[in-house]
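Spelled out, the chains give:
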Amino acid sequence: MSRALVLGGAGFIGLHLTRRLVAEGHQVTCVDDFSRGRWDDELAEVVSSAGVEVVSADLTRPSAWAALPHGYDQIYLLAAVVGVRNVAADPSRVVRVNTLTALHLLDWLTPGDRVFFSSTSEVYAGGVTAGVVPVPTDERVPVLVPNVAAPRFAYGISKLLGEAALLHGAAAKGCHLVIGRFHNVYGPRMGADHVIPEMVLRALGAENPFRVWGADQSRAFCHVDDAVEAVLRLMRLPEAPGVVNIGNDTEETNIADLAKLVLRVARVDTALAALPAPADSVARRCPDLGLLRRLTGFEPEVPLEEGVRRTFEWYRDHVGASAGPAEPGPRR
């Protein structure tokens, strides 16, 4: 039986990935420090039904890695500090945690390991804002940080460092590396620090007027089931592909239309109140998935309206009504 190690397995993408790996017959070990990931009914169900091993560990500490055995057929690093509010509140923690986790992983890897590193479109967001990076955006564009002191860029910087460390270090060790640049992945059990669940929670609370920060900005949202499918296809490739975009380029929507969709799904009739976009948020984001398609034949399957409906239903059933956050909504 194939063995998979999911670092950050109690988190959003991590648990969805773990479910899929279990469904395909893999034996899975999840490692998480439970600072954002959580032990809830859904994680407990996966563990009890499939015998998934869960390890609580702080991956910034070398001792946590020393305690991890080797011999996994697939290794996924999803553990990171994410979310615009978390980045703004403590950017130094973002850089420290995300960087140390990636560097410790690199030290821990052995020749022949197959590893996935979760990166982000934020690594090139500064170039889009500066007008030197086109949208839709492929993997070959230059990356730049217009203001290293701006808290928002701490996340992108940490992931860019992880990309560089693993691209060079994994090659030197003879490891099979996939770097997936996620683009606005959303879905059930995502927390409240991202735009779609944040809107859903405010819709459940019947906020009126319904605030929309950066209403004229646009994003191409990718349902988590599609994102997991792309990850698994990339990890099956016989040759290591390097950096590959993961997302959905078939439906780009502006944030005002997204708000209208959420309210329609929630059956809430309220006026929209357009507010300024959060500081340093990119005006437009959409991936070019040409490389992903050529390598794997991937096509997104979950339309935005269906994905928003599934997400709304999950939050309605698991979280209930909430007034939502009072500060500008996150935008990634």
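The structure under discussion appears in the preceding block.
For the structure given in this document, a descriptive report is provided here. (Residues numbered from 1 in each chain as written. Predicted model: local features only at pLDDT ≥ 70, side-chain atom pairs only at ≥ 80, totals over all residues. Heavy atoms only, no water.)

**Describing the pattern of salt bridges**
Reasoning step 1: Tallying each qualifying case throughout the model produces 24 salt bridges.
Reasoning step 2: The partner of arginine 285 in a salt bridge is glutamate 122, and the shortest N-O contact between them spans 2.7 Å. You can see arginine 285 sitting in the loop between strand E13 (272-275) and helix H11 (290-296) and its partner glutamate 122 sitting in the loop between strand E5 (114-120) and helix H6 (125-130), a full 163 residues away along the chain.
Reasoning step 3: Take arginine 285: its relative accessible area is 4%, and that puts it in the buried class. (Salt bridge = Lys/Arg side-chain N within 4 Å of Asp/Glu carboxyl O. Helix = DSSP H or I, 4+ residues; strand = E, 2+ residues; numbered from the N terminus. Buried < 20%, exposed > 50% of the residue type's maximum accessible area, 1.4 Å probe, protein only.)

**Points about the environment of threonine 60**
Reasoning step 1: Residue position: threonine 60 is located in the loop between strand E3 (53-56) and helix H3 (62-66).
Reasoning step 2: Along the sequence, threonine 60 and alanine 102 sit 42 residues apart, while their C-alpha atoms lie 8.8 Å from each other.
Reasoning step 3: Every residue in contact with threonine 60, bar those within four places of it in the chain, is listed here: Arg96, Val97, Leu100, Thr101 and His104.
Reasoning step 4: One polar contact links threonine 60 to aspartate 58, side chain to side chain, over a distance of 2.7 Å. (Contact = heavy atoms within 4.5 Å. Polar contact = N/O pair within 3.5 Å; in protein donor to acceptor, adjacent residues only side chain to side chain.)

**Remarks on the sheet that holds strand E6 (residues 176-182)**
Reasoning step 1: Judged by pairing direction, the sheet is parallel, and its 7 strands sit side by side in the order E3-E2-E1-E4-E5-E6-E11 without closing on themselves. Of all strands in the sheet, those with a lone pairing partner are E3 and strand E11 (242-246), marking the two edges. Across this sheet, the average inter-strand angle for adjacent strands is 20°, counted without regard to direction.
Reasoning step 2: Bridging between E6 and E11 involves 5 bridges; their strand directions are parallel. When the sheet's bridge partners are listed, phenylalanine 182 is paired in E11 with isoleucine 246.
Reasoning step 3: Most of the contacts of helix H1 (residues 12-23) go to strand E1 (residues 3-7), to which it runs at about 170°, and overall it touches E1, strand E2 (27-32), strand E4 (74-77) and E6. (Pairing = 2+ DSSP bridges. Axes fitted to C-alpha atoms, helices over the stretch in contact; angles between N-to-C directions.)

**Observations regarding the environment of leucine 78**
Reasoning step 1: Along the polypeptide, leucine 78 turns up in the loop between E4 and helix H4 (84-89).
Reasoning step 2: The sequence separation of leucine 78 and leucine 7 amounts to 71 residues, and the corresponding C-alpha distance is 5.6 Å.
Reasoning step 3: Beyond its immediate chain neighbours, meaning those up to four positions away, leucine 78 contacts Val6, Leu7, Gly8, Ile13, Gly14, Leu17, Phe116, Ser118 and Phe182.

**So, the side chain of threonine 296**
Reasoning step 1: Residue position: threonine 296 is located in helix H11.
Reasoning step 2: Reaching out from threonine 296, the side chain makes a polar contact with the backbone nitrogen of phenylalanine 298 at a distance of 3.1 Å.
Reasoning step 3: With residues up to four places along the chain from it excluded, the contact list for threonine 296 reads Arg233, Leu234 and Leu237.

**Side note on helix H9 (residues 224-235)**
The periodicity of an α-helix, 3.6 residues per turn, causes residues three or four positions apart to be oriented the same way.
Reasoning step 1: The terminal C-alpha atoms of H9 lie 17 Å apart, and with 12 residues this matches the ideal 16 Å at 1.5 Å per residue to within 8%.
Reasoning step 2: Within H9 the residues assigned to the buried category are Val224, Asp226, Ala227, Val228, Glu229, Ala230, Val231, Leu232, Leu234 and Met235. (Expected span 1.5 Å × (residues − 1).)

**Regarding the packing of helix H5 (residues 91-108) against helix H7 (residues 153-173)**
Reasoning step 1: In the contact formed by H5 and H7, the axes pass within 9 Å of each other and the chain directions differ by 10°. If you check the angle between H5 and H7, you find them roughly parallel. Residues Pro91, Val94, Val95, Asn98, Thr99, Ala102, Leu103, Leu105, Leu106, Asp107 and Trp108 of H5 lie in contact with H7, whose contacting residues are Ala154, Tyr155, Ser158, Leu161, Gly162, Ala165, Leu166, Gly169, Ala170 and Lys173.
Reasoning step 2: Here the contact of H5 with H7 is built from residues that sort into 14 nonpolar, 5 polar and 2 charged. (Parallel < 35°, antiparallel > 145°, perpendicular 65-115°, else oblique. Nonpolar A, V, L, I, M, F, W, Y, C, P; charged D, E, K, R; others polar.)

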